[in-house]
Protein chains: 2
Amino acid sequence: MPEPTPDTLMPLCSVFRRFLRNQGLKYTVERADVLQAIIDHDGPFEAEELLLDMRRRGHRVSKATIYRTLRLLQEAGIITQALFDSKQAHFQLIYGKQPRDVMVCMRTGRTIDFHSEELSALRDRICRELGWKPVGHRFQIFAMSPERTEGEQEA
Amino acid sequence: MPEPTPDTLMPLCSVFRRFLRNQGLKYTVERADVLQAIIDHDGPFEAEELLLDMRRRGHRVSKATIYRTLRLLQEAGIITQALFDSKQAHFQLIYGKQPRDVMVCMRTGRTIDFHSEELSALRDRICRELGWKPVGHRFQIFAMSPERTEGEQEA
DNA sequence: GTGCGTGCAAAGACTTTGCACGTAC
DNA sequence: GTACGTGCAAAGTCTTTGCACGCAC
C-alpha cells in the first residue's frame, strides 16, 4: 500500500523494479543508471541534463533510452513533469517528496520556492470531499515582484 | 492602472491596443482577429485550433502570425500558457478571469475543474507576506479517482 | 513615407520511432 | 532461448526565423 510517508519509504530502485516486473518489463543497467542520475540530480531536470550528468560519470546511454526511461518513471509515479514552459519537458522526482510550490514573477521571471502545509491540507480536504485519494499537487503563483510595479504607465 | 476586477474591466481589445501602443507596436487586423478568436473560443486552446477557428470564419492568418501574436498577448497579460503537458503549448485567457483549478486522476486521466476562493485567499496572503502583487495562479491536484484504488498492490 | 507586420517556406529544437543487435529473465 | 531493450539515425511535431512585400501610424 504505497503511502509515501518519509518513514516507510522503500528505496526508489525497488519501487521502479517492482513496477517494471508488474508490467512484464526488465530492470536493465541503463534504467537503473537513469534513475540513479535523477536521484543524484537535485531538483528539476531536462533530458539533456540527465544525459550530460550520466556521461560525466562514465555512464553511456543514448538519448532515446533516456526518453524511454523517463516515460516509464512517470508511469511508475516516481517522477512527474514540472511544466515550467512548453518549450521542452522538465521533470522532477516526486516519489516520497513534499510538493514544492513556486511563485514566479511575470516581469522578471524570478522564482521563489516555498512549501505550504496549509495548501496540502486544502488539497487533502478537496480530495476527501470528492472521494479522491490525493497523490500530489502543483501550485504556481504568478505575481509581480516588488522592485517596480508600474512598467505599463510609461506612454 | 490595470486592476482586473470584474467590474472595472475594460474591453480586451482596448487592453491589447494600449499595450501595443506602449511598446511602439501596431494594432493590426490580424492581431485583432486572433484576439477575437481567443475570446470566442471557450477554454484552453492551442495554436492550431485557433488557426482552424479563424479559417472557419473566413479570417486568413498565417500560423507564424498566430504564434507571434500569442507571444504578445502573453506579454500583455491577457493570456497565459495552460501547461497541460510539454508536448505543445496550450493557452487560455486570464485577463479578468478567476483562476480555474483542476484535479486530475493519475490513472485514468480524468479531470475535474473547480474553483476555490480559499486557495485564492491563500495565494494573496503568501504574496502579501513577501511583498509581491498577485496576478494569478495555477493549482493542479494529482489524485486517484474513486473507482479502484489498488492497481499497485499485486506482487 | 517609415518602420513594423505578414505570409511563406526553410530552419530549428525537442522527442519519437524503425531496425538490427544485445541482454535480462 | 525468447522477448524485451538499446543505440543509432531518420522521421515527426511544434515553433521560430529570414526575407520580400504590404500596411498602420
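Residues numbered from 1 in each chain as written. Chains lettered and ligands numbered in written order. Predicted model: local features only at pLDDT ≥ 70, side-chain atom pairs only at ≥ 80, totals over all residues. Heavy atoms only, no water.

A. Spatial organisation of the sheet that holds strand E4 (residues 111–114) of chain A. Judged by pairing direction, the sheet is mixed, and its 6 strands sit side by side in the order E4(A)-E3(A)-E5(A)-E6(B)-E4(B)-E5(B) without closing on themselves. Two strands close off the open sheet at either side, each with one partner strand: E4 of chain A together with strand E5 (111–114) of chain B. Adjacent strand axes in the sheet meet at a mean angle of 15°, parallel and antiparallel pairs treated alike. Relative to E4 of chain A, strand E3 (residues 101–105) of chain A runs antiparallel, the two sharing 4 bridges. Each bridged residue has a counterpart across the sheet, and for Asp101 of chain A the counterpart in E4 of chain A is Phe114 of chain A. Strands in contact with helix H5 (residues 117–130) of chain A are E3 and strand E5 (133–144) of chain A together with strand E4 (101–105), E5 and strand E6 (133–144) of chain B; relative to E5 of chain A, the strand with the most contacts, it is inclined by about 130°. Against the sheet, helix H5 (residues 117–130) of chain B engages E3, E4 and E5 of chain A together with E4 and E6 of chain B, with an angle of about 130° to E6 of chain B. (Pairing = 2+ DSSP bridges. Helix = DSSP H or I, 4+ residues; strand = E, 2+ residues; numbered from the N terminus. Axes fitted to C-alpha atoms, helices over the stretch in contact; angles between N-to-C directions. Contact = heavy atoms within 4.5 Å.)

B. Expanded view of the relation of the copies chain A and chain B. The transformation that overlays chain A on chain B combines an axial shift of 0.0 Å with a rotation of 180°, and the residual RMSD is 0.2 Å. Accordingly, the operation relating the two chain copies is best matched by a two-fold axis. Most of the interface of chain A is mirrored in chain B, where 98% of its interface residues are also at the interface. (Least-squares fit on C-alpha atoms with pLDDT ≥ 70 in both.)

C. Broad picture of the protein's contact with DNA strand D. With respect to spatial proximity, 21 residues lie near DNA strand D, and among them Arg31, Ser62 and Thr65 of chain A together with Tyr67 and Ala89 of chain B are the closest. The sugar and phosphate moieties of DNA strand D supply 75% of its atoms located within 4 Å of the protein. Note that a base nitrogen of DNA strand D is positioned 3.0 Å from one of the side-chain N or O atoms of Lys26 of chain A. Of all elements in the fold, only helix H2 (29–40) and helix H4 (63–75) of chain A together with helix H4 (63–75) of chain B reach the threshold of two or more residues within the surface near DNA strand D. Within the surface near DNA strand D, the residues separate by chemical class into 7 nonpolar, 5 polar and 9 charged. (Near = heavy atom within 4 Å. Polar contact = N/O pair within 3.5 Å; in protein donor to acceptor, adjacent residues only side chain to side chain. Nonpolar A, V, L, I, M, F, W, Y, C, P; charged D, E, K, R; others polar.)

D. Summary view of the protein's contact with DNA strand C. Near DNA strand C you find 20 residues, and of these Tyr67 and Ala89 of chain A together with Arg31, Ser62 and Thr65 of chain B are the closest. Protein-adjacent atoms of DNA strand C, using a 4 Å cutoff, are sugar or phosphate at a proportion of 71%. At a separation of 2.8 Å, a base nitrogen of DNA strand C approaches a polar side-chain atom of Lys26 of chain B. The contact in question runs from a base nitrogen of DNA strand C to an N or O atom on the side chain of Arg68 of chain B, over 2.8 Å. When residues of the surface near DNA strand C are traced back to their parent elements, those giving at least two are H4 of chain A together with helix H2 (29–40) and H4 of chain B. Grouping the constituent residues of the surface near DNA strand C by class yields 7 nonpolar, 5 polar and 8 charged.

E. Quick look at H5 of chain A. Residues and elements named next belong to chain A. In a regular helix each residue adds 1.5 Å, so 14 residues correspond to 20 Å; H5 covers 20 Å between its end C-alpha atoms and thus fits that length. Residues of H5 that are buried include every one of Leu119, Ser120, Leu122, Arg123, Ile126 and Cys127, and no others. Projected onto a plane normal to the axis of H5, the buried residues spread over an arc of 160° and lie on a single side. Relative to its buried face, H5 has exposed residues pointing more than 90 degrees away, namely Arg128 and Glu129. (Expected span 1.5 Å × (residues − 1). Buried < 20%, exposed > 50% of the residue type's maximum accessible area, 1.4 Å probe, protein only. Arc of directions from axis to C-beta.)

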